[in-house]
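Breakdown of the fold
Now for the letters of each chain:
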Amino acid sequence: MKILFFYFLKFYILQLSNIINYKRTDIYGIALNVFFLKLSMFWFVKQAYKKNKIMDAKEISLNEKQVKPVVDLLNDYLASYHIHYQKLRGCHWNVKGQNFFTLHIKFEELYTNAQLTIDEIAERVLTLGKPPHSRFADYIKESSIKEINTIGLHDMDMVDALLDDMAKLIEMERELLEATDKAGDDGSNDMVNRFMQFKEKNTWMLRSFAGKK
Ligand SMILES: [Fe+2]
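This text gives an overview of the structure that appears in the document.

What follows covers the overall build of the chain. When helices and strands are counted, the chain shows seven helices and zero strands. Beginning at the N terminus, the succession of helices and strands in the chain can be written as α-α-α-α-α-α-α. Looking at the 213 residues of the chain, the share that counts as buried comes to 27%.

Ranked by internal contacts, the top residues of the largest apolar core, which has 37 residues, are Val67, Val70, Leu74, Leu78, Tyr81, Leu88 and Leu162. Broken down by secondary-structure element, the contributors of at least two residues to this core are α3 (64-94), α4 (100-127), α6 (155-183) and α7 (186-209). Here the element with the most residues in this core is α3; it accounts for 12 residues. Setting aside its immediate chain neighbours within four residues, Leu88 contacts Phe107, Leu110, Tyr111, Ala114 and Leu162.

Here we take up the packing of α3 against α4. Packing of α3 against α4 leaves a shortest axis separation of 9 Å and a crossing angle of 160°. Relative to α4, the element α3 lies roughly antiparallel. As α3 runs across α4, the sense of the crossing is left-handed.

Residue Ser61 is not a glycine yet carries a positive backbone phi of 55°. On the secondary structure map, Ser61 appears in the loop between α2 (27-51) and α3.

A pair of packed helices can be characterised by two numbers: the angle between their axes and the separation between those axes. Relative to each other, α6 and α7 sit at 155°, their axes nearing to 9 Å. On the basis of the axis angle, α6 is roughly antiparallel to α7. At the point where α6 passes α7, the crossing takes the left-handed sense. Here the contact of α6 with α7 is built from residues that sort into 13 nonpolar, six polar and five charged.

Take the environment of Ile60 next. Within the fold, Ile60 resides in the loop between α2 and α3. Put simply, Ile60 and Gly129 are 69 residues apart on the chain and 9.9 Å apart in space, counted from C-alpha to C-alpha.

Glancing now at the environment of Leu78. Note that Leu78 resides in helix α3. A residue is classified by how many C-beta atoms lie within 10 Å of it, and Leu78, with 24 of them, is buried. When the C-alpha atoms of Leu78 and His133 are compared, they prove to be 7.5 Å apart, with 55 residues separating the residues in sequence. Ignoring anything within four residues of it in the chain, the contact list for Leu78 reads Ile118, Ile121, Ala122, Val125, Pro132 and His133.

Analysis parameters
Residues numbered from 1 in each chain as written. Predicted model: local features only at pLDDT ≥ 70, side-chain atom pairs only at ≥ 80, totals over all residues. Helix = DSSP H or I, 4+ residues; strand = E, 2+ residues; numbered from the N terminus. Buried ≥ 20, exposed ≤ 12 C-beta atoms within 10 Å, placed from the backbone. Core = buried A, V, L, I, M, F, W, Y, C linked by C-beta atoms within 7 Å. Contact = placed C-beta atoms within 7 Å. Axes fitted to C-alpha atoms, helices over the stretch in contact; angles between N-to-C directions. Parallel < 35°, antiparallel > 145°, perpendicular 65-115°, else oblique. Left-handed = near helix turned anticlockwise from the far one by under 90°. Nonpolar A, V, L, I, M, F, W, Y, C, P; charged D, E, K, R; others polar.

Such coordinate-based values are descriptive only and should not be taken to indicate function.
Structure below.
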């Protein structure tokens, strides 16, 4: 395949030089050029795709094409979870006031859970055959959740910020449940459902703590 590519590349360069030199300006020559250029570009894309492949989803009786939207959503979800996780740590470190002992412990419980969740999401992406995002640059770029500065943040504003994050994550989870359902991916569906139930319950608890309905 590589040899074929370089053959096409050579042919393409020759054609291009002919056009530049006005030796051959016929429409067929140009069409051939475009065809071989597209063919070589397709080869490049295919090679890049193969490089990013860990395993074929068909190994676990799933269709790779059908599962692709799930993988993409899981990677976005992973990015958002990382930002949420770091926010939880910030809240745990920077919380002040009379609720310190309650919230310091609660935030630790939440970030410990988020850490395990992140690992499960990333490993599910790998199980479906693709590499998970693993750079902070990607997390910041892809996350639907925004970073905040927790230094000096009022304790109840921390609770509000975390409730907003959870609402966003639950929204993403509902989207994922639909996508996994369409792809017949029961494994991801079950996993996301578990994570969603944890946050649903904690939404109730944090809202009760804040005296909200
Ligand atoms: Fe700690």
